[in-house]
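Tertiary structure, described
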Amino acid sequence: MRIVVLAGGIGGARFLRGLRRAVPDAEITVVGNTGDDIHLFGLKVCPDLDTVMYTLGGGIHEEQGWGREGETFAVKEELAAYGVGPEWFGLGDRDFATHIVRTQMLGAGYPLSAVTEALCARWKPGVRLLPMTDDRVETHVAIDVDGERRAVHFQEYWVKLRASVDALAVVPVGAEAAKPAPGVLDAIAGADVILFPPSNPVVSVGTILAVPGIREAVAAAPAPVVGLSPLVGGAPVRGMADKVLAAVGVESTAQAVARHYGADLIDGWLVDTVDADAVAAVEEAGIACRAVPLMMTDEDATAAMARAALALAEEVRA
Ligand code: FO1
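Computed from a prediction, not measured in an experiment: that's the story for all the values here.

Reading the values: rules and limits
- Residues numbered from 1 in each chain as written.
- Predicted model: local features only at pLDDT ≥ 70, side-chain atom pairs only at ≥ 80, totals over all residues.
- Heavy atoms only, no water.
- Helix = DSSP H or I, 4+ residues; strand = E, 2+ residues; numbered from the N terminus.
- Rg over C-alpha atoms; globule rule 2.2 N^0.38 Å.
- Buried < 20%, exposed > 50% of the residue type's maximum accessible area, 1.4 Å probe, protein only.
- Contact = heavy atoms within 4.5 Å.
- Areas by Shrake-Rupley, 256 points an atom, 1.4 Å probe, with all protein chains shown as cover.
- Lys, Arg positive; Asp, Glu negative; His and termini not counted.
- Charge placed at Lys NZ, Arg CZ, Asp CG, Glu CD.
- Pairing = 2+ DSSP bridges.
- Axes fitted to C-alpha atoms, helices over the stretch in contact; angles between N-to-C directions.
- Domains from an automatic or database assignment.
- Buried area = accessible area lost by both parts, 1.4 Å probe.
- Salt bridge = Lys/Arg side-chain N within 4 Å of Asp/Glu carboxyl O.
- Near = heavy atom within 4 Å.
- Polar contact = N/O pair within 3.5 Å; in protein donor to acceptor, adjacent residues only side chain to side chain.

Another aspect to go through is the overall build of the protein chain. Along the protein chain, the regular secondary structure elements total 13 helices and 14 strands. Against the globule reference of 20 Å for 318 residues, the protein chain gives a C-alpha radius of gyration of 19 Å, in line with a compact fold. Seen along its three principal axes, the alpha-carbon backbone of the protein chain occupies a region of about 60 × 50 × 35 Å. Relative to its full complement of 318 residues, the protein chain shows a buried share of 55%. Put simply, of all contacts in the protein chain between residues at least 6 apart along the chain, 69% involve residues at least 24 apart. For the protein chain, the exposed area adds up to about 13200 Å²; of that, 52% sits on carbon and sulfur atoms. Taking the average place of the 26 positive charges on the side chains of the protein chain and the average place of its 42 negative ones, the gap between the two points comes to 4 Å.

Okay, the sheet that holds strand β13 (residues 268–271) next. If you walk across this open sheet you meet the seven strands as β5-β2-β1-β9-β10-β13-β14, and the pairing is parallel. On the outer flanks of this sheet lie β5 (128–131) and β14 (288–291), each paired with one strand and no other. Strand-to-strand, the axes of this sheet are offset by a mean angle of 20°, without reference to chain direction. Where strand β10 (residues 225–228) and β13 come together, three bridges link them in parallel fashion. Bridge pairing in β13 links L228 to L270.

This next bit is on the domain arrangement of the protein chain. Interface size is often expressed as the accessible area that is lost when the parts come together. Once the domains are mapped, the protein chain shows domain 1 (2–134 + 176–317) and domain 2 (138–175). Taking only C-alpha atoms, the centre of domain 1 and the centre of domain 2 are 20 Å apart. With 24 residues of domain 1 at the interface, the matching set in domain 2 holds 22 residues. Interface area for domain 1 against domain 2, summed over the two sides, is near 1800 Å², with a carbon-plus-sulfur share of 64%. The three residues of domain 1 that bury the most area against domain 2 are W88, M240 and K243, which together make up 36% of that side's buried surface. At the boundary of domain 1 with domain 2, the tally comes to one salt bridge. K243 is paired through a salt bridge with D166; the nearest N and O atoms lie 3.6 Å apart. Residue assignment for the side of domain 1 that touches domain 2 shows that the elements contributing at least two residues are β3 (38–40) and α10 (241–247).

With that settled, consider the site of the ligand. Taken together, the neighbourhood of the ligand is formed by 15 residues, with D36, D48, G90, Q155 and R162 sitting nearest. A distance of 2.7 Å separates an oxygen atom of the ligand from a polar atom in the side chain of D36. The separation between an oxygen atom of the ligand and a polar main-chain atom of G90 is 2.7 Å. Contact with the protein chains covers 91% of the free accessible surface of the ligand, which is 530 Å². Looking at the shell around the ligand, the elements that each hand over two or more residues are α2 (47–57) and α6 (154–160). With four residues, α6 is the single largest residue contributor to the shell around the ligand.

Here the focus is the pattern of salt bridges. In this structure the tally under the stated criterion is 14 salt bridges. Between K160 and E156 there is a salt bridge, and its shortest N-O distance comes to 4.0 Å. Of this pair, K160 and E156 are both found in helix α6, four residues apart, which corresponds to roughly one turn of the helix. Owing to a relative accessible area of 45%, K160 belongs among the partly exposed residues under this scheme. Salt-bridge contacts for E283 lead to R290; the nearest nitrogen and oxygen are separated by 3.2 Å. Members of the salt-bridge network, linked through shared partners, are R21, E299 and D300.

So this is what it looks like as structure tokens:
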């Protein structure tokens, strides 16, 4: 079975671990969000690609969900001693090595997709990890600063400001001119199932869909498309998705996110059992919907979610 997953960072990566366990023989292609990417200290940092790679490759800091386990911060401290920041972004020594290799390869002329493949040769994530695009796309968030509208990088909004102020708009800068990375459109067209994991619908899955050609390919794909709600009981399971959902005028409920994707894009939608009363409203919108436990408490629970998503895909295919 060929499965394509459009994934963001922590939620996407954890879901993928469950999916891999649920269907160990499946050929899984991950289209990763690169809108969170940031250039720091002359290095290209790809948080979502790295989170998927480290999580599936066994190198992730489990509790944190991002960065490396057993991390130290000597380089960051030395940079700070020179007065070189930002101090608010936690790049560890082990992680730095990944960004150095990536930046070196990009500088030598390799596209991000080839660099990601090279990095994955070490981590062996057990999936094919493709960036959504080889082109530069950077998500910016418009906020109000003392009565003036200002755009900040997504990481500044997310990590430095902790999404503590309202997001007025979310803009994937550069997306309109970006092309899907090699292999992305073919994987989507040739998939047996396409899954949207419980990743952020705006800044993760939404950014991937903003690359011209990807949304169209998903909508036109013969495969069933099934998503899992990242919202449980009206709140994000983790992260601050509600803040960026408000910016695109979408309520923070499982059913509103399903309607936001729409029946043109998704055929099936899973909500948590606490949101069982949303099932009827989602189905009214033309999307098959089931209520199942959606808390990724451990790998078994996550594998069960993945199986439920694949079962719903079979139902809607029929
Ligand atoms: N998240 C934080 O909350 N604080 C950090 O200092 C931080 C550093 C960081 C470094 C590398 C990396 O790959 C991810 C990192 N993240 C950090 C996670 C990241 O900011 C976001 O969770 C994702 O971009 C959203 O998917």
